[in-house]
Each structure stands twice: as C-alpha cells, then as structure tokens.
Amino acid sequence: MLKLGLLGCGMIAELGHLPAIQQTPGIVLESVYDPRWERSLEMQRRFNAKHAYPKEEDFWNCDFDAVIICTPAPLHLEHVTKAAKYGKHILCEKPLAMTVGEIEKMIEVTNAANVKLYTGFTYRFSPSALEIHRLVRSGAIGEVRSLRLIYLWNLHGKWQFDASGNMIPSKLRVGRMEEGGPMVDCGVHQIDLARWWLGSEVTSQRGIGVWVEDFEAPDHMYLHMGHENGAHTMVEMSFSYNAVSKEPRSNFQYELIGTDGVIRLNREEHSFELRNSHGTQYLPWHPEKNFRGMYNELLFALTNQEDRNMPLANDGLMATQIARKATNQAIAKRETGSQKNHSKMLRAGKDVSKSLIPADSAEPAP
Ligand SMILES: NC(=O)c1ccc[n+]([C@@H]2O[C@H](COP(=O)([O-])OP(=O)(O)OC[C@H]3O[C@@H](n4cnc5c(N)ncnc54)[C@H](O)[C@@H]3O)[C@@H](O)[C@H]2O)c1
C-alpha cells in the first residue's frame, strides 16, 4: 500500500487529486493539511483521510511515503524543501516553481535527501495524449514536422462578486496573471506535451504577447519552439478569450502534422482523428486531464522504482524555463513598441509599473 499525505486543500486538490487518490486501489490517503483548519476537516471527512492535523509539523511527522503538494506556486520551493527534510517522495503541482533557480534548488535538496520529485503534468495521462505518444512512435503520420497546441479560454471570467455583492476583479485571475500569465500557468502543460510527444528538446524559441488587459504579462500569447529534430511547435494560450462574454466558449485543440498525415484532437467537438495515406481513423476522445491515470502511474513508479511516463523535476524545469523566457521575450518586445496603444481595459486598483516577473528568469529578446 502506498501512503500519501496531501498539502494544500484548495480547488485542484478537491476537484482533481483527492477524488483520484480515493479511487486508486493500492493508495491510501494518510493525512491532509491546510492552514484553514475547517477546510482540512472537510476534506478529511469527504475523502476519508486517516488524519488531519491543525499543526503543520504534525502533518510532516505522519507516517506517509509521498506528499502531494497542491499549494500556490510561490510556496512550492518551501514545501518541497520540507518534504525532502522529512524524507517524503513528492508529486508537486505545476508550475513547479516561480523561477528556474528555485527548481534547481528543489532538485539539489531532493537529490541530497534521495527522494523522488515528480511534476504534476496531468495532461500526459489523458488516454488521448498517451495514444498520440504511441502513434507518433509507431510512425502513424510519418516524421512529425509541426505541432499546433491551442488553449484559449477565459479563466472563469474577469469579474467576481464580493460579500456585499459588488463586482470586483476575479482574485483567481489577478493571482494567475501576477504569477506569470497563461503561458506559465497553463502553457507549461503544452510545452511538456510537445517535448514528450516528439522526444526532442527545444533548441530555439520566441514568445509573442497580446495584451487584451493591462497586466505586466500578456494575457494572450503565442510561443514558437524549434526542436532538435527539426520539428516546430506553436503554442497559443489565452486567458482573455470570451473573458467578458455572456455566453463564453473555449477553443482547445492539438494538431500534429507529419510527412504522412495529421493527428487532430478538438476538445469542444469531442473529436480525435488520424488521417494518413491509409485513410481515416476516428479515435476515442478523452478530456485533457487524467488524475486517476497519473496516480496509477505514480503508484507504479514508486513501487517499482521505474519512472516510465511520470514527469520528472527536469520536465518541470524545462517547461517553466521555456514559458518564463517566452513571457519575458513578449514583455521585452512590448516595451520597445508603442506605449501609446495600451489596451483601455486597465486592471482595477493595480500598479502596473512595478515589475512582476522574477528577475532570474529575465532573458533578452532575441
Ligand atoms: N494540474 C492542473 O490542471 C491544475 C489546475 C489548477 C491549478 N493547478 C495548480 O495547483 C496549485 C494550487 O492551485 P489551486 O487552484 O488549487 O489553488 P487554491 O488557492 O484553490 O488552493 C491552494 C491551497 O493551499 C493552501 N495553502 C496556502 N498556504 C499554505 C501553506 N503554507 N501550507 C499548506 N497549504 C497552504 C490554501 O489555503 C489553499 O487551500 C497551483 O500551483 C496551480 O497552478 C493545477
């Protein structure tokens, strides 16, 4: 039996991790911790955790093999360091940390403590993503030359209501934009898929930003990546797509273009197909996330000391590095462009002149 502790009982713990842990045979939820004690108790009750502790130290001293870190990204380094100190293996949510320097530190402390550090790239475990991985390796579309990975959505909208019923800027949105914006928050999944599907590292990149709003980071971004094997990936990410529309809809798709055809997945159409010189295959479509699949793989990896498809710390590092650099490339280009044409959709009550992007990730635009 693999014993897990979960730190940070927020949205993704409740909707993604805890149900999957509960549903995976061979895994037991030993303990949960959140500084909001009522929340810890609620999650303990709903997901049958054996223990919940009001004091964080008691959580770490509890007898579990691995910890699931679901706290906000700026706290990941602190929590990975604690886990290493207590000898726990780690599955940490993305983005693995705020800067490349923080991730290097995480790798150092986990190596020294001889514990595993995995990145929570759940998209890899969608049966459709696993099928794309298999199809690419079997040569189903020949040599893959181009990937188009697109996710345009509204991050649950621009506004929320406060306790008095006033409309205020969405706290989730402001938080995610201040942590780096859509490429750092969501684009890391797509960057990871491109590297994993192609089995080829990124050797050149360029980030281009669009500012529908006026945060420091762009809220709509294009990332172009050249791979070592000659393939090209375009990632397009947005938090502003229908952000104020009464009837919003999203746009999520993967397209892989090869010398012998195309693999195409469209989430909104629920379609997944392979078209090549032999004909067309309509494949079973699956949503982009699969927490249960990730936990089955985590169980296998920690039981057999074989990582297989588990995303490693280095995968988290590469994705964060590329996403941060792309965001900084976009920002640098904006600053050399016209200052007169900023969007009129200013963000309420925020000082946009202050730099929000961590300094050690600053890269000059090529
Ligand atoms: N893989 C995915 O699809 C996916 C989706 C959403 C979010 N995420 C990632 O998951 C992480 C958490 O996101 P979320 O949306 O659940 O955030 P959230 O704000 O809903 O939850 C964070 C939780 O951490 C708790 N917390 C704060 N300080 C803490 C501390 N010192 N110790 C322990 N717990 C603490 C908070 O009380 C809160 O319950 C982020 O890194 C985010 O990017 C991943």
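Residues numbered from 1 in each chain as written. Predicted model: local features only at pLDDT ≥ 70, side-chain atom pairs only at ≥ 80, totals over all residues. Heavy atoms only, no water.

## Regarding the sheet that holds strand E6 (residues 117-119)
The strands making up a sheet associate through hydrogen bonds between their backbones, and the pairing can be parallel or antiparallel.
Item 1. Taken in spatial order, the six strands of this open sheet run E3-E2-E1-E4-E5-E6, and their pairing is parallel. Here the strands that pair on one side only, and so sit at the sheet edges, are strand E3 (51-52) and E6. (Pairing = 2+ DSSP bridges. Helix = DSSP H or I, 4+ residues; strand = E, 2+ residues; numbered from the N terminus.)

## Notes on the side chain of histidine 220
Item 1. Assignment of secondary structure puts histidine 220 in strand E11 (residues 220-227).
Item 2. Residue histidine 220 is classed as buried on the basis of its relative accessible area, which comes to 12%.
Item 3. Only 2.9 Å separates the side chain of histidine 220 from the side chain of glutamate 236, close enough to count as a polar contact.
Item 4. Dropping the residues within four chain positions of it, histidine 220 is found in contact with Leu152, Pro182, Ile208, Gly209, Val210, Glu236, Met237 and Ser238. (Buried < 20%, exposed > 50% of the residue type's maximum accessible area, 1.4 Å probe, protein only. Polar contact = N/O pair within 3.5 Å; in protein donor to acceptor, adjacent residues only side chain to side chain. Contact = heavy atoms within 4.5 Å.)

## Some remarks on the domain arrangement of the protein
Item 1. The domains assigned to the protein are domain 1 (2-121) and domain 2 (124-361).
Item 2. One C-alpha centre belongs to domain 1, the other to domain 2; they are set 24 Å apart.
Item 3. Contacts between the two partners involve 36 residues from domain 1, matched on the other side by 32 residues from domain 2.
Item 4. In this assembly, domain 1 packs against domain 2 so that about 3000 Å² is buried in total across both faces, 70% of it on carbon and sulfur atoms.
Item 5. Broken down residue by residue, the surface that domain 1 buries against domain 2 is led by Met98, Tyr118 and Phe121, which jointly contribute 27%.
Item 6. Inspection of the region where domain 1 meets domain 2 yields two salt bridges. (Domains from an automatic or database assignment. Buried area = accessible area lost by both parts, 1.4 Å probe. Salt bridge = Lys/Arg side-chain N within 4 Å of Asp/Glu carboxyl O.)

## Regarding the pairing of E11
Item 1. Across the eight residues that make up E11, a large majority, six, are buried.
Item 2. In this sheet, E11 lies alongside strand E10 (residues 202-210) in antiparallel orientation, the contact comprising eight bridges. Each bridged residue has a counterpart across the sheet, and for valine 210 the counterpart in E11 is histidine 220.
Item 3. Sheet topology places E11 next to strand E12 (residues 232-238); seven bridges connect them, and they run antiparallel. Each residue of the ladder has a partner; that of tyrosine 222, found in E12, is glutamate 236.
Item 4. Where E11 folds back on E12, the antiparallel hairpin that results is connected by four residues, among which glycine 230 adopts a positive phi of roughly 95°.

## Topic: the site of the ligand
Item 1. Neighbouring residues of the ligand: 25 residues in total, closest Ile12, Asp34, Arg36, Arg176 and Lys289.
Item 2. Here an oxygen atom of the ligand and a backbone polar atom of methionine 11 are 2.9 Å apart.
Item 3. Between histidine 76 and the ligand, the recorded distance is 3.5 Å, taken from a side-chain N or O atom to an oxygen atom.
Item 4. When the free accessible area of the ligand is taken as 840 Å², the share hidden by the protein chains comes to 83%.
Item 5. Sorting the residues of the shell around the ligand by element identifies helix H1 (11-23), helix H4 (76-85) and helix H8 (182-198) as the ones contributing at least two each.
Item 6. A class-by-class count of the residues in the shell around the ligand yields 11 nonpolar, seven polar and seven charged. (Near = heavy atom within 4 Å. Areas by Shrake-Rupley, 256 points an atom, 1.4 Å probe, with all protein chains shown as cover. Nonpolar A, V, L, I, M, F, W, Y, C, P; charged D, E, K, R; others polar.)

## Comments concerning the sheet that holds E11
Item 1. Strand order in the open sheet made by the eight strands is E10-E11-E12-E7-E13-E14-E15-E16, with mixed pairing throughout. Every other strand in the sheet has two partners, leaving E10 and strand E16 (279-282) as the edge strands with one partner each. On average, adjacent strands in this sheet sit at an angle of 10° to one another, irrespective of strand direction.
Item 2. The sheet contact formed by strand E7 (residues 144-152) and E12 spans seven bridges and is parallel. Within the sheet, the bridge partner assigned to serine 146 lies in E12 and is histidine 232.
Item 3. The sheet strands contacting helix H6 (residues 127-137) are E7, strand E13 (251-258), strand E14 (261-266) and strand E15 (271-276), and the helix crosses E15 at an angle near 10°. (Axes fitted to C-alpha atoms, helices over the stretch in contact; angles between N-to-C directions.)

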